[in-house]
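Chain by chain, the residues:
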Amino acid sequence: MTDPKPLFLASGSEIRATLLRNAGLRFDIARPRVDEDAIRASLQAEDAGPRDIADALAEFKAAKVSDKHPGALVIGCDQVLDLDGAVLTKPESPAAARQQLMDLRGKTHRLLSAAVVCENGRPLWRHVGTARLTMRDFSEDYLDAYLTRNWPEVGNSVGAYMLEAEGVRLFSRIEGDYFTILGLPLIELLTWLGIRGDIAA
């Protein structure tokens, strides 16, 4: 195995960083300065679907950081919540979080977690993982107590829940890869890095 290339995570997500660290990867973090809302709105104006939006945002972040770190591998990520074709984003207030959770209550939605790896500003690999989650018909009393206990932490999660914490109690059924639900298709990424020889395999 040759010397591994420098690896960067183009994300401010502590969960994604923790997943990579726990997997034994050594990397630096470089948060891309991108206007995600403007990019998402532009894509939606062009009738892009949730999967394409997640993929495009992940690539945009990776390419942005990759341009500044030539020769390095840069991982860009994005997660989109798809509720019957409508894209939900991170809530900006407890009221917005409550409305999102009321919209999701008793329904099944999809989480799309995209990862793109760029080198010298160009994508080398991409993957979009999908999970299906069904929320139970929880009471409004429980919802209000849940938000009181968990805001502002859940404001960092699309859909206003954190499956790795108390948010798991909001669900009746979960289908899909756990890492994808947390925002990173980790198994697929590690497999690709191993095949290339960038990590020991």
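Procedures and definitions
- Throughout, a residue's number is its position along its own chain's written sequence, starting from 1.
- Where totals are concerned, whole chains, interfaces and linings use all residues; where local detail is concerned, this predicted model gives features only for residues with pLDDT of at least 70, and gives and counts side-chain atom pairs only at 80 or more.
- Based on all heavy atoms of the structure, the side-chain values leave hydrogens and waters out of the count.
- Runs of E in the DSSP output that reach at least two residues are strands. Runs of H or I that reach at least four are helices, and both are numbered from the N terminus.
- Atoms counted for the radius of gyration: C-alpha only. Globule rule: 2.2 Å times the number of residues to the power 0.38.
- Summary of the burial criterion: residues with accessible area below 20% of their type's maximum are buried, those above 50% are exposed, and those between are partly exposed, where the area comes from a 1.4 Å probe applied to protein chains only.
- By definition, residues are in contact when any of their heavy atoms lie within 4.5 Å.
- Note on areas: Shrake-Rupley, 1.4 Å probe, and residue coverage restricted to the protein chains presented here.
- By the counting scheme adopted, Arg and Lys are positive, Glu and Asp are negative, and His together with the chain ends is not counted.
- A charged residue contributes its charge at one atom only: NZ of Lys, CZ of Arg, CG of Asp or CD of Glu.
- Strands pair, by our definition, only if DSSP identifies at least two bridges between them.
- Note on aromatic pairs: the rings of Phe, Tyr and Trp (six-membered ring only in Trp) are paired at centre separations within 6.5 Å, and the planes decide the class, stacked below 30 degrees, edge-to-face beyond 60, tilted for the rest.
- Whether a charge sits over a ring depends on NZ of Lys or CZ of Arg being within 6 Å of the ring centre and within 35 degrees of the ring normal.
- We count a salt bridge whenever a side-chain nitrogen from Lys or Arg sits within 4 Å of a carboxyl oxygen from Asp or Glu.
- The length a helix should cover is 1.5 Å for every residue beyond the first.
- UniProt positions are given in the numbering used here, feature names are shortened, and annotations may be inferred rather than shown by experiment.
- Polar contacts, as counted here, are pairs of nitrogen or oxygen atoms within 3.5 Å of one another; within protein the pair requires one atom able to donate a hydrogen and one able to accept it, and residues that are adjacent in sequence qualify only if both atoms are side-chain atoms.

(A) Seen up close, the overall build of the protein. Per the secondary structure count, the protein includes seven helices and seven strands. The order of α-helices and β-strands along the protein, N terminus first, is β-α-β-α-α-β-β-α-β-β-α-β-α-α. Here the C-alpha radius of gyration of the protein, 17 Å, is about what a compact globule of 201 residues would show, namely 17 Å. In terms of principal-axis extent, the alpha carbons of the protein reach across some 55 × 35 × 25 Å. In the protein, which comprises 201 residues, the share counted as buried stands at 46%. Long-range pairs, those at least 24 residues apart, make up 69% of the contacts in the protein between residues at least 6 apart in sequence. Total accessible area on the protein stands at roughly 10100 Å², and carbon and sulfur atoms take up 47% of it. Side-chain charges of the protein comprise 24 positive and 29 negative groups, with the mean position of each set lying 3 Å from the other.

(B) Main features of the pairing of strand E6 (residues 122-135). As defined by bridge partners, strand E5 (residues 108-119) adjoins E6 across 12 bridges and the pair is classed as antiparallel. In the strand pairing of E6, His109 is matched with Leu133. Between E5 and E6, which pair antiparallel and follow one another directly, the connecting turn spans two residues, one of which, Asn120, has a positive phi of 55 degrees. Examined bridge by bridge, E6 and strand E7 (residues 171-175) share four bridges and lie antiparallel to one another. Residue pairing for E7: Arg132 is matched across the bridge by Glu175.

(C) Inspection of the packing of aromatic side chains at higher detail. Counted according to the given criterion, the structure contains four aromatic pairs. Between the NZ or CZ atom of Arg136 and the centre of the ring of Tyr142, over which it lies, the distance is 5.2 Å.

(D) Local environment of the side chain of Arg16. Tracing the chain through its elements places Arg16 in helix H1 (residues 14-22). Buried within the structure, Arg16 lacks any salt-bridge partner; its nearest side chain of opposite charge belongs to Asp78, at an N-O separation of 5.8 Å. Ignoring sequence-local partners within four residues, the contact set of Arg16 consists of Leu9, Ser11, Cys77, Asp78, Gln79, Gly183 and Leu184.

(E) Seen up close, the pattern of salt bridges. The final tally for this structure, using the stated rule, is 17 salt bridges. Notably, a salt bridge pairs Asp137 with Arg105, separated by 3.4 Å at the nearest N-O pair. A residue pair is termed long-range when its members are at least 10 positions apart, and Asp137 in the loop between E6 and helix H5 (140-150) and Arg105 in the loop between helix H4 (94-104) and E5 qualify at 32 residues. Residue classification places Arg105 among the partly exposed positions, given a relative accessible area of 23%.

(F) Focus on helix H3 (residues 50-66). When the terminal C-alpha atoms of H3 are compared, their 24 Å separation across 17 residues agrees well with the 24 Å that a helix rising 1.5 Å per residue should span. Residues of H3 that are buried sit in contact with strand E1 (7-10), helix H2 (36-45), strand E3 (73-83), strand E4 (86-88), E5 and E6.

(G) Up close: the environment of Ile29. Here Ile29 lies in strand E2 (residues 28-29). In sequence terms Ile29 and Gly49 are 20 residues apart; their C-alpha atoms lie 29 Å from each other. Setting aside anything within four residues of it in sequence, one finds Ile29 in contact with Leu9, Ser11, Ala17 and Arg21.

(H) Spatial organisation of the UniProt feature "active site" (unreviewed entry) in the protein. The sites that carry the UniProt feature "active site" (unreviewed entry) are, in the present numbering, Asp78. If you trace the backbone, Asp78 turns up in strand E3. Among the residues examined, Asp78 registers a relative accessible area of 4% and is labelled buried. Leaving out residues up to four positions away in the same chain, Asp78 has contacts with Arg16, Glu36, Ala54, Leu57, Ala58, Lys61, Leu112, Ser113 and Ala114. There is a polar contact of 2.9 Å between the side chain of Asp78 and the side chain of Lys61.

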